[in-house]
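Take a look at the letters that make up each chain.
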Amino acid sequence: MTEIFPFQNDEHRFRIAMGVEYRGTDYYGWQIQKSNLPTVQGALTEAISSVANHPVDLIVAGRTDAGVHASNQVIHFDTHSVRKEYGWTVGTNTRLPRDISVQWAKIVDTTFHARFAARERAYRFVVYNAPIPAGILRDGMTWERMPLNLKRMQQAAQFLIGEHDFSAFRAAECQAKSPVKEVRELTLVQQGRLIVLQARANGFLHHMVRNIMGVLLAIGRGDQPVEWARDVLETRDRNQGGVTAPGAGLYFVRANYDRDDLPQRDAGPAFLDGFPGLDPV
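Please read all numbers here as calculations on a predicted model, not as lab measurements. (Residues numbered from 1 in each chain as written. Predicted model: local features only at pLDDT ≥ 70, side-chain atom pairs only at ≥ 80, totals over all residues. Heavy atoms only, no water.)

1. Notes on helix H4 (residues 208–221)
With 14 residues, H4 extends 20 Å from end C-alpha to end C-alpha; this agrees with the ideal 20 Å at 1.5 Å per step. Within H4, 13 of the 14 residues are buried, leaving the element largely enclosed by the surrounding structure. A positive backbone phi angle near 90° is found at glycine 222, which sits one or two residues after H4. (Helix = DSSP H or I, 4+ residues; strand = E, 2+ residues; numbered from the N terminus. Expected span 1.5 Å × (residues − 1). Buried < 20%, exposed > 50% of the residue type's maximum accessible area, 1.4 Å probe, protein only.)

Here it is, written out as structure tokens:
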């Protein structure tokens, strides 16, 4: 591994925050893999290190799985290199593949931490509910051919609001210290053939949103009663939680911080801008 630049003098260290958008279809998730498979972190690290002229270590607000997308992912890194914010943005983008884009860069104080300073994270999950799969944006939505009952899904989601032990919605390989999370919003809205879940929480477990959506889809199809969402939660047993929904429909859309100096964009993804019933996150 390449040694990260040792910052021996904090007076010459700068912390850069970035907002990143990416299509995760062709990547094996955010985190660099030992097998050298393509990852979002790997592509960004290479590009930013080239602009900085030294290796950088990237910290991210929330690691995404293989095939999962982001419209407002937040990262940070430390550097001794002096660049304008515009230079960091444009310079990095010229070195990135077309499915990853830095939307902004901001010089921040060294107390900022993309992961630990985030007080809330938000995801959106997009379902294409139609008898035949879509041709356009097929990798950006999860296809469900059976008609879904939105009202049943909305009712079921209410059982999961609040602070709970979400062990039943946690992947076996999850490394979080505690399964207890506070879910602050699970909103389900529909427009035409699209059904969108908006989820906000103080944090999410590995596969948590996809596992929640898997339960809600089963209830929406009529395979399970509305109360099944509550029953699964109370078991605290992942084996009782049903199928994990595919990653194609999932987007990391926001990390919220107690500061007002970071650029703000619509939550996204862009094709959901102005979607009826989706409040800002």
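Picking up after the structure, the text goes on.
2. Some points on unusual backbone geometry
The peptide bond linking glycine 268 to proline 269 adopts the cis configuration, its omega dihedral lying at -5°. Relative to the assigned elements, proline 269 resides in the segment after strand S10 (250–256). Positioned with a positive phi, leucine 137 is a non-glycine residue whose angle comes to about 60°. One can find leucine 137 in the loop between strand S5 (120–129) and strand S6 (142–144).

3. Quick look at the packing of aromatic side chains
Under the defined criterion, the tally for this structure stands at 6 aromatic pairs. Centroid distance tyrosine 251 to phenylalanine 271: 6.2 Å. Interplanar angle 70°. Geometry classified as edge-to-face. One end of the pair, tyrosine 251, is in strand S10; the other, phenylalanine 271, is in the segment after S10, with 20 residues separating them in the sequence. Through pairs of rings, three or more aromatic residues link up here, namely Tyr123, Phe204 and Phe252. The residue whose ring lies beneath arginine 83 is tryptophan 88, and the NZ or CZ to ring-centre distance is 6.0 Å. (Phe/Tyr/Trp six-rings, centres within 6.5 Å; stacked < 30°, edge-to-face > 60°. Lys NZ or Arg CZ within 6 Å of the ring centre and 35° of its normal.)

Bear in mind that shape data such as this cannot, by itself, settle questions of function.
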